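Structural features, examined
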Amino acid sequence: MNTSCRYKRVLVKLSGEALMGDTRNAFDPRFLDGLVHELQTAHATGVQLALVVGGGNIYRGGLGHDQGPARSRGDHMGMLATVINSLAIQGGLEKIGLSSVVYTAIPMPQVAETFVLRHALDDLARGRILICAAGTGNPYFTTDTAASLRAAEMGADLLLKGTKVDGVYSDDPKTNHNAQRYDQLTFDQVLHQKLQVMDLTAISLCQANKIPIMVFSILERGVLTAILNGEQRGTLIKEAL
């Protein structure tokens with residue numbers, strides 16, 4: 001195993017929508033295949049690797065009462081969607097021979113392991129990829145916040161936020177072609193400017209625990225390994241110098 005990686009432990013946050021790829025289906029087989037091979041290459045650097053995936057490709061919690069169930073019920077439905085996504089990723093990893101464990105914040109022992117920090121750390125030390133599902137187990141918290149929480153609990157050196165764009169922009173680059181992409185930001189800049197990176201609770205958690213965030217395009221092949229080897233890809237968010 002290569003041990004040149006500059007990080008010991010990282011957590012990757014993926015949106016559920018990313019799993020749709022370019023299709024209208026919940027899962028794009030081509031994207032899933034590319035993702036698991038991307039994770040395989042990253043894992044080979046020697047890093048301890050954990051994932052948190054959203055559920056927006058299946059169901060988005062937080063809909064208004066006139067559009068769906070009550071907030072708490074809808075959030076629990078969204079948590080279950082993240083479990084489905086986590087199992088799908090685990091299945092892909094198993095096909096290429098990578099050992100992984102799905103941990104859930106809501107106990108469902110017939111499906112996955114219940115999250116216990118010491119067990120998760122043991123699995124990381126054994127070289128298994130962790131996939132943390134069901135958010136924090138509580139309504140009113142996003143999977144971004146769950147990712148920041150797990151990163152803090154595990155003592156991650158870096159939180160990687162995989163999106164469909166190559167970093168953080170001053171405006172939506174899809175609608176504003178003059179939008180500026182930032183190479184680097186501080187946590188305070190993100191909070192004060194209310195930039196659409198992660199929700200403010202997630203950003204505050206990373207700031208309090210001094211965990212830098214790299215926002216990058218998950219569509220770019222080889223990007224995870226490049227970042228783990230110290231290359232600047234996307235937008236880095238950290239404390240001011």
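Residues numbered from 1 in each chain as written. Predicted model: local features only at pLDDT ≥ 70, side-chain atom pairs only at ≥ 80, totals over all residues. Heavy atoms only, no water.

Looking at the nonpolar core
Put simply, the test is: Grouping buried Ala, Val, Leu, Ile, Met, Phe, Trp, Tyr and Cys residues that are joined through side-chain atoms within 4.5 Å yields what is termed a nonpolar core. Type-normalised accessible area, obtained with a 1.4 Å probe on protein chains alone, sets the label of each residue: buried when under 20%, exposed when over 50%, and partly exposed for intermediate values. By the criteria applied, helices consist of DSSP H or I runs no shorter than four residues and strands consist of E runs no shorter than two, each listed in order from the N terminus. Only heavy atoms enter the contact rule, under which two residues are in contact if any of them lie within 4.5 Å.
Membership of the largest hydrophobic core comes to 39 residues, with the highest contact counts inside it found for Ile89 and Leu160. Within the residue set of this core, elements represented by two or more residues are strand E1 (9–14), helix H1 (29–43), strand E2 (48–53), helix H2 (71–95), strand E5 (129–133), strand E6 (158–163), strand E10 (213–217) and helix H7 (223–228). Those residues in contact with Leu160, other than ones at most four positions away along the chain, are Val10, Leu11, Val12, Lys13, Met214, Phe216, Leu224 and Ile227.

Points about the sheet that holds strand E11 (residues 235–238)
In plain terms, the rule: Strands pair, by our definition, only if DSSP identifies at least two bridges between them. In this analysis an axis means a line fitted to C-alpha atoms, helices contributing only their contacting stretch, and an angle means the value between N-to-C directions, from 0 to 180 degrees.
With mixed pairing, the nine strands of this open sheet are ordered in space as E4-E3-E5-E2-E1-E6-E10-E11-E9. Two strands in the sheet have a free side with no partner beyond their single neighbour: strand E4 (113–114) and strand E9 (184–186). Across five bridges, the pairing between E6 and E10 is parallel. Across the sheet, residue Gly162 finds its bridge partner in E10, namely Phe216. With respect to the sheet, H2 is in contact with E2, strand E3 (100–104) and E5, its orientation differing from that of E5 by roughly 165°. In the packing of helix H3 (residues 117–125) onto the sheet, contacts are made with E1, E2, E3 and E5, and the angle to E3 comes to roughly 165°.

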